[in-house]
Amino acid sequence: MASPHLAISCRGVRKHFVLRHTRSLKEAVMWLLRGRKGDLSKSFDALHDVTFDVRDGETVALLGLNGSGKSTLLKLLSGVLQPDAGTVLTRKRVAGLIEVGAGFHHDLSGRDNVYLNGAILGMSEREIDQMYDSIVEFSEIGEFINTEVKFYSSGMYLKLAFSIAVHTDPEVFLIDEILAVGDEPFQRKCIAKIKELAEAGKTLFVVSHDLDLVSSICERGILLERGNVVMDGPVEGVVAELRRRSAAVE
Ligand SMILES: Nc1ncnc2c1ncn2[C@@H]1O[C@H](COP(=O)(O)OP(=O)(O)OP(=O)(O)O)[C@@H](O)[C@H]1O
């Protein structure tokens, strides 16, 4: 990292996607007959030129309407995607709860996945041994821990994934709408845990459409609109601006 106090640094980040449209056979033949003029695919920038820094210990809500680029940005921060231009730097220990169960191997039991995911998130086998009971207890998975995870419900995936991630003691915690699939008691428990992490000085970067929730967890908001940062400041102001823009869309 360029600065010792930065948890995340995004500079001029651009992410480009190609959308391949399904065309009829007739359209494809016409395209060939015309000498392949024009394009059967359409490309667009999900993120244009995104620049921001997050200092150690900051709690940031990434806000925006559907399709504004939030999940794409989180995937760049977690390293799942690479930017087409610009640079993304983060602290070493980043735990991302981005796609529920994304790091899970479906044919393995919950127990094996604890070891697999713990290792992916940088824990040694001994560390996982020490944490194992606590991970299982927090996850509320109970005896299903020895069942293959392909038989888990989406809520069970979330519970185990969340529990593993918080036990890895990450420096930066990325959270994408994860609470949506958990039941209410577990949501309350997760929120309490997230607040505990924030108070312990961890850096949080949270995507959620639950504006009251993010206002209660985060101090700063970054508003994305069509792949651009349009506002960055105290969360209350950014939430108010998003509400204003949402009302204008209706
Ligand atoms: N792998 C991909 N291939 C093509 N387009 C993609 C891909 N991933 C995302 N996109 C597009 O990029 C844009 C931004 O998507 P993204 O999921 O980042 O938005 P979002 O702000 O997280 O939306 P939501 O609030 O609905 O979750 C959308 O138009 C989406 O269709």
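Read on for an overview of the structure. (Residues numbered from 1 in each chain as written. Predicted model: local features only at pLDDT ≥ 70, side-chain atom pairs only at ≥ 80, totals over all residues.)

## Let's talk about the sheet that holds strand E8 (residues 220–225)
For clarity, the cut-off: For two strands to count as paired, DSSP must find a minimum of two bridges between them. By definition, any uninterrupted DSSP run of H or I lasting at least four residues is a helix, any uninterrupted run of E lasting at least two residues is a strand, and each is numbered from the N terminus. Here an axis means a line fitted to C-alpha atoms, over the contact stretch when the element is a helix, while the angle between two N-to-C directions is reported on a 0 to 180 degree scale.
The mixed open sheet is built from six strands, whose spatial order is E5-E6-E7-E3-E8-E9. Each edge of the sheet is formed by a strand with only one pairing partner; in this case those strands are strand E5 (94–97) and strand E9 (228–234). Ignoring which end each strand starts from, the neighbouring axes of this sheet average 15 degrees apart. Bridge count for strand E3 (residues 59–63) against strand E7 (residues 203–207) is four bridges, and the pairing is parallel.

## Considerations on helix H3 (residues 110–120)
Spelled out, the test is: To assign burial, the other C-beta atoms lying within 10 Å of each residue's own C-beta are counted, with C-beta atoms placed from the backbone; 20 or more indicates buried, 12 or fewer indicates exposed, and intermediate counts indicate partly exposed. This arc describes the spread of directions from the helix axis toward the C-beta atoms. By the criterion used throughout, residues are in contact when their C-beta atoms, derived from the backbone, lie within 7 Å.
Buried within H3 are the following residues: Gly110, Asn113, Val114, Asn117 and Gly118. For H3, the angular spread of buried residues about the axis comes to 130 degrees, placing them on one side. For H3, the elements touching its buried residues are helix H4 (125–139) and helix H5 (154–167). Backbone geometry just after H3 places Gly122 at a positive phi near 95 degrees.

## With respect to the packing of H3 against H4
Selection criterion: Reported orientations rely on four angle classes, namely roughly parallel under 35 degrees, roughly antiparallel over 145, roughly perpendicular from 65 to 115, and oblique for the rest. Left-handed describes a crossing whose near helix is turned anticlockwise from the far helix through less than a right angle; right-handed describes the clockwise counterpart. Residues are grouped as follows: Ala, Val, Leu, Ile, Met, Phe, Trp, Tyr, Cys and Pro are nonpolar; Asp, Glu, Lys and Arg are charged; all remaining types, including Gly, are polar.
At a minimum axis distance of 11 Å, the contact between H3 and H4 shows a crossing angle of 125 degrees. Classified by the interaxial angle, the pair formed by H3 and H4 is oblique. Between H3 and H4 the crossing geometry is right-handed. In contact with Val114, Tyr115 and Gly118 of H3, H4 contributes Ile128, Tyr132 and Ile135. The class makeup of the residues in the contact of H3 with H4 is five nonpolar, one polar and no charged.

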